Amino acid sequence: MKRGLLLYIASPLVVALCALLFEVGADDGWCDGANASMLYLLRVLTVLVSLAAIVSSFTIWKEKGQLIIVSLNSAALMLVLDYYQNLGNEGSDNLLWLLPMVGLVYLIKYRAAVKG
């Protein structure tokens, strides 16, 4: 139980740390000159992974806590990466509206994540 709780607490901190590092790197223009088709592919993949993680948390991995934590945090990392990849593109909407949905599922599945 302690290991599951530690993983449950540490995983969002990794996402926050990556967001902080991306924020520092965004000032240097690390994502300038990205290929538009690759950005589109990353965007589609991010939406698919996020929605698959949300749905599978309630269906396939009901009581498999570590898989729930890993899938939801992977989706959150992809959302943060997508945001910073499309930060300088004019007319590009971000996918941050999916992040609260992933966070809400993460909170709802607390008991399963800590137990298993």
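Here goes a summary of the coordinates provided. (Residues numbered from 1 in each chain as written. Predicted model: local features only at pLDDT ≥ 70, side-chain atom pairs only at ≥ 80, totals over all residues. Heavy atoms only, no water.)

1. Remarks on the pattern of salt bridges
Okay, step 1: Evaluated as defined, the whole model comprises one salt bridge.
Okay, step 2: We note a salt bridge from Asp-82 to Arg-43, for which the minimum N-O separation is 3.2 Å. One end of the pair, Asp-82, is in helix α3 (residues 65-85); the other, Arg-43, is in helix α2 (residues 36-58), with 39 residues separating them in the sequence. Judged on exposure class, the residue Asp-82 and its partner Arg-43 are both buried. (Salt bridge = Lys/Arg side-chain N within 4 Å of Asp/Glu carboxyl O. Helix = DSSP H or I, 4+ residues; strand = E, 2+ residues; numbered from the N terminus. Buried < 20%, exposed > 50% of the residue type's maximum accessible area, 1.4 Å probe, protein only.)

2. Details of the packing of aromatic side chains
Okay, step 1: The full count for this structure, using the stated rule, is four aromatic pairs.
Okay, step 2: Summarising the aromatic geometry, the rings of Tyr-8 and Tyr-110 are spaced 5.1 Å apart at their centres and angled 75° between planes, so their arrangement reads as edge-to-face. Of this pair, Tyr-8 sits in helix α1 (residues 2-26) while Tyr-110 sits in helix α5 (residues 110-115); the two residues are 102 residues apart in sequence, bridging distant segments of the chain.
Okay, step 3: A relative accessible area of 39% means that Tyr-110 is categorised as partly exposed. (Phe/Tyr/Trp six-rings, centres within 6.5 Å; stacked < 30°, edge-to-face > 60°.)

3. Notes on the packing of α3 against helix α4 (residues 98-108)
Okay, step 1: Between α3 and α4, the shortest axis-to-axis distance is 10 Å and the interhelical angle comes to 160°. One way to sum up the angle between α3 and α4 is to call them roughly antiparallel. Our pair here, α3 against α4, has a crossing hand that is left-handed. For the pair α3 and α4, the contacting residues are Ile-69, Leu-72, Asn-73, Ala-75, Ala-76 and Leu-79 in the first and Leu-98, Leu-99, Val-102, Val-105 and Tyr-106 in the second.
Okay, step 2: Split by residue class, the contact of α3 with α4 holds 10 nonpolar, one polar and no charged. (Axes fitted to C-alpha atoms, helices over the stretch in contact; angles between N-to-C directions. Parallel < 35°, antiparallel > 145°, perpendicular 65-115°, else oblique. Left-handed = near helix turned anticlockwise from the far one by under 90°. Contact = heavy atoms within 4.5 Å. Nonpolar A, V, L, I, M, F, W, Y, C, P; charged D, E, K, R; others polar.)

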